[in-house]
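Coordinates in review
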Amino acid sequence: MAKKDGDITLCFPGENGWELWVEQSGRLVLSETRSLEEGGEPFQSASHYAFPVNSVFAVPIWTATGSPEMLGSLVEMQLEKSGLKPESGSGRMLDYRTVQTIDTEEGNRNLILATVLNSDYQHPLPNQGAREFDVSARFLNLPGNHIVIWRELGRLVGGLTRGGELVYFQGLNSIEFDSAAVQEIRCVLLGLEGAGPVSNEEKSQDILSQISGIHVWLEDADESVVSELQQALDLDTIIALRPDPVLPSDYSGLLPSVVAVQREQKQRAQMIRNVVLALAACYLVFLGVYFFNHFKVEQERETLSAKINGLDEELGWIGPFEKKWREIEPVINGQTHPSELLHRCTLQLPAKDVRFTSFAVKGNTITIIGECRDPNAGRRFGAKLMSAAAMSDYSWEWLQRPTVNTRLKDGTATFRLQGGYRFGNDA
């Protein structure tokens, strides 16, 4: 999907302030400028940020290996020697890339450009930290094999190209393009003469060997100073306006620590938000399952209730009928009829000496009142009745053991026995 106009905005260091460039129809168009006197953090919504040249250090390094596994260690060793190795922490303060490979008698040699962010530089970063970062020089179409001088945020800066690659850049101390600036540029180039291959036979392949001219991108450049620079470096000089910035084909991995912290916090917040959303989703799923099961159980309950109601209408007469049956069972059941029970009990009486004076059946309970010639005769009858197979359905107990009736002169004893039906309750 193509990006819409305005999706890309570049915060770029201009000559005397910040510039905001907006992508329109495939090219960057200047939208707004803000001078340094205005202060503040400009262009809070910029998606791309160009590091001012004065906020970074460029270190060209020649190596005899192009192995990615070894380059990192070699670059760090060289930076440590020069005191520019960044401290570990949030963000990425170091970026390096191979800008040229040359063939020598001893084999291939690689020119590496290491770029280190100055941790002490206070970047006026966009509010959201921007999406992409790179050095401002990489946002400019620099002429190949030239020294280029321009101004950023009120100070002169310079870049050096070899072929089509930027191989060095540096911020100058000079504010004005004058004789002092010419001497400073000459000193910088003298320092770079020692950055090439160490072999004398390879001096022709040092960083400055292919330089063919100078571009001065200053509208107010004094022609006498330009002539002085041309004579000092013995190179042709061209005065022109700085071109509009363009987006580089690839961006450096440089990332300020404050932006890294912001991104970590944002990722952490997003992770927490995702966890909360996942928990909420699980909770909603749980509620859905719970209510589904609840409604299912309720539906089953209603179905069973309807079946029960149908069975009540069809079979509801059974309960009352059973109750009536139990009430009349003692009458119609021959095994529990009072006359049958009396018959079974009288079978246990001896031929003489013991008789019943009262026999009552109430519900499942039999009560016998009797007389006996003496207590022993009564006790023998009670023992026989309690062990009789015909009366095994009843549990017997003495309400009154055989006791001599003192009102009678012949020593007759009276007794009371009660038997309860083992398999039923009293009605």
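This report concerns the structure included in the present document. (Residues numbered from 1 in each chain as written. Predicted model: local features only at pLDDT ≥ 70, side-chain atom pairs only at ≥ 80, totals over all residues. Heavy atoms only, no water.)

1. Examining the pairing of strand β4 (residues 48–51)
Applied cut-off: For every residue, the accessible area obtained with a 1.4 Å probe (protein chains only) is divided by the maximum for its type, and the residue is called buried under 20%, exposed over 50%, and partly exposed between those limits. Under the scheme used here, helices are H or I runs from DSSP no shorter than 4 residues and strands are E runs no shorter than 2 residues, and both carry numbers assigned from the N terminus. Whether two strands pair comes down to DSSP finding at least two bridges between them.
Side chains of β4 alternate between two faces, with His48 and Ala50 and Tyr49 and Phe51 buried alike. Strand direction decides the pairing type here: strand β1 (residues 9–13) and β4, joined by two bridges, are parallel. Residue Cys11 lies in a different strand from β4, and its bridge partner there is Tyr49.

2. Regarding helix α6 (residues 338–346)
Rules: Along the arc lie the directions from the helix axis toward the C-beta atoms. Contact criterion: two residues are considered in contact whenever any of their non-hydrogen atoms come within 4.5 Å of each other.
Listing the buried residues of α6 in full gives Leu341, Arg344 and Cys345. When α6 is viewed along its axis, its buried side chains cluster within an angular range of 100° and face the same direction. Buried-residue contacts for α6 involve β14 (354–362), β15 (365–372), α7 (375–387) and β16 (394–404).

3. Regarding helix α2 (residues 179–192)
Defined as follows: For a helix, the expected span equals 1.5 Å multiplied by the number of residues minus one.
Taking 1.5 Å per residue, 14 residues should reach 20 Å; α2 reaches 20 Å between its end C-alpha atoms and fits that length. Buried within α2 are the following residues: Ala181, Val182, Glu184, Ile185, Val188, Leu189 and Leu192. Across the axial projection of α2, the buried residues extend over an arc of 165°, all falling on one side. Across from the buried face of α2, at angles greater than 90 degrees, the exposed residues are Ala180, Cys187 and Gly191.

4. Notes on the pairing of β1
The buried fraction of β1 amounts to five of the five residues, a majority that puts the element mostly inside the structure. Burial of β1 is two-sided: the residues Thr9, Cys11 and Pro13 facing one way and the residues Leu10 and Phe12 facing the other way are all buried. In this structure, β1 lies alongside strand β2 (residues 17–24), joined through five bridges in antiparallel fashion. What sits directly across from Cys11, in β2, is Leu20. Counted between consecutive antiparallel strands, the loop separating β1 from β2 contains three residues.

5. Brief notes about the packing of α2 against helix α3 (residues 223–233)
Spelled out, the test is: For helices, the axis comes from a line fit to the C-alpha atoms of the stretch in contact; other axes are also lines fit to C-alpha atoms, and the angle between any two N-to-C directions lies between 0 and 180 degrees. When an angle is under 35 degrees it counts as roughly parallel; over 145 it counts as roughly antiparallel; between 65 and 115 it counts as roughly perpendicular; any other value is oblique. When the near helix sits turned anticlockwise from the far one by under a right angle, the crossing is termed left-handed; a clockwise turn instead gives a right-handed crossing. The classification used treats Ala, Val, Leu, Ile, Met, Phe, Trp, Tyr, Cys and Pro as nonpolar, Asp, Glu, Lys and Arg as charged, and all other residues, Gly among them, as polar.
The interhelical angle for the contact between α2 and α3, taken along N-to-C directions, is 25°, at an axis separation of 9 Å. As summarised for this structure, α2 and α3 are arranged roughly parallel, according to the angle between their axes. When you trace α2 past α3, the crossing you get is right-handed. On α3, the residues that touch Ser179, Val182, Gln183, Ile185, Arg186 and Leu189 of α2 are Val225, Glu228, Leu229, Ala232 and Leu233. Along the lines of polarity and charge, the residues of the contact of α2 with α3 split into seven nonpolar, two polar and two charged.

6. Notes on the sheet that holds strand β10 (residues 155–162)
With respect to topology, five strands assemble into an open sheet ordered β11-β10-β9-β12-β13, the strand pairing being mixed. Each of the sheet's edge strands pairs with one partner strand only, and the pair in question is β11 (165–171) and β13 (236–239). Within the sheet, the average angular offset between the axes of one strand and its neighbour, ignoring direction, is 20°. Summarising the sheet, strand β12 (residues 213–217) and β13 pair through four bridges and their orientation is parallel. Within β13, the position partnered with Ile214 by the bridge is Thr237. Its contacts with the sheet place α2 against β9 (146–152), β10 and β11, and it is angled at close to 130° to β11. Most of the contacts of α3 go to β13, to which it runs at about 150°, and overall it touches β9, β12 and β13.

7. A closer look at the environment of Val53
Within the secondary structure, Val53 is located in the loop between β4 and β5 (56–63). For Val53 and Gly171, which are 118 residues apart along the polypeptide, the C-alpha to C-alpha distance reads 5.6 Å. When near neighbours in sequence (up to four residues on either side) are disregarded, Val53 contacts Val135, Ser136, Trp150, Glu152, Val157, Phe169, Gln170 and Gly171.

8. A look at the nonpolar core
To be explicit about the condition: Among the buried residues, those of types Ala, Val, Leu, Ile, Met, Phe, Trp, Tyr and Cys that are joined through side-chain atoms within 4.5 Å form a nonpolar core.
One finds Ile147, Trp150, Leu160 and Phe177 to be the most contacted residues of the largest nonpolar core, which totals 66 residues. It is α2 that contributes the most residues to this core, six residues altogether. Look past the residues within four positions of Leu160 in its chain and what remains in contact with it is His146, Ile147, Glu165, Leu166, Val167, Tyr168, Leu192, Ile207, Leu208 and Ile211. The next biggest cluster of nonpolar side chains, apart from the first, holds 18 residues, and it includes Leu341, Ile368, Met391 and Phe415.

9. Thoughts on the packing of aromatic side chains
So the rule is basically this: We call Phe, Tyr and Trp rings a pair once their centres come within 6.5 Å, taking the six-membered ring for Trp, and we label the pair stacked below 30 degrees between planes, edge-to-face above 60, and tilted otherwise.
A full pass over the atoms with the stated rule returns 15 aromatic pairs. For the ring pair Phe139 and Tyr251, a centre distance of 6.4 Å and an interplane angle of 50° mean the geometry is tilted. You can see Phe139 sitting in the loop between β8 (132–135) and β9 and its partner Tyr251 sitting in the loop between β13 and α4 (257–315), a full 112 residues away along the chain. Ring geometry for Phe356 and Phe359: centres 6.3 Å apart, planes at 20°, overall stacked. The exposure class of Phe356 is buried, given its relative accessible area of 17%. Relative accessible area serves as the criterion here: at 22%, Phe359 is assigned to the partly exposed category. Members of the aromatic cluster, joined through ring pairs, are Phe356, Phe359, Phe381, Trp398 and Phe415.

10. Some remarks on the environment of His215
Tracing the backbone through its elements, the reader meets His215 in strand β12. Under the relative-accessibility criterion, His215 is labelled buried at 15%. Once residues within four sequence positions are removed from consideration, His215 is found in contact with Pro143, His146, Ile147, Val148, Ile149 and Ile238.

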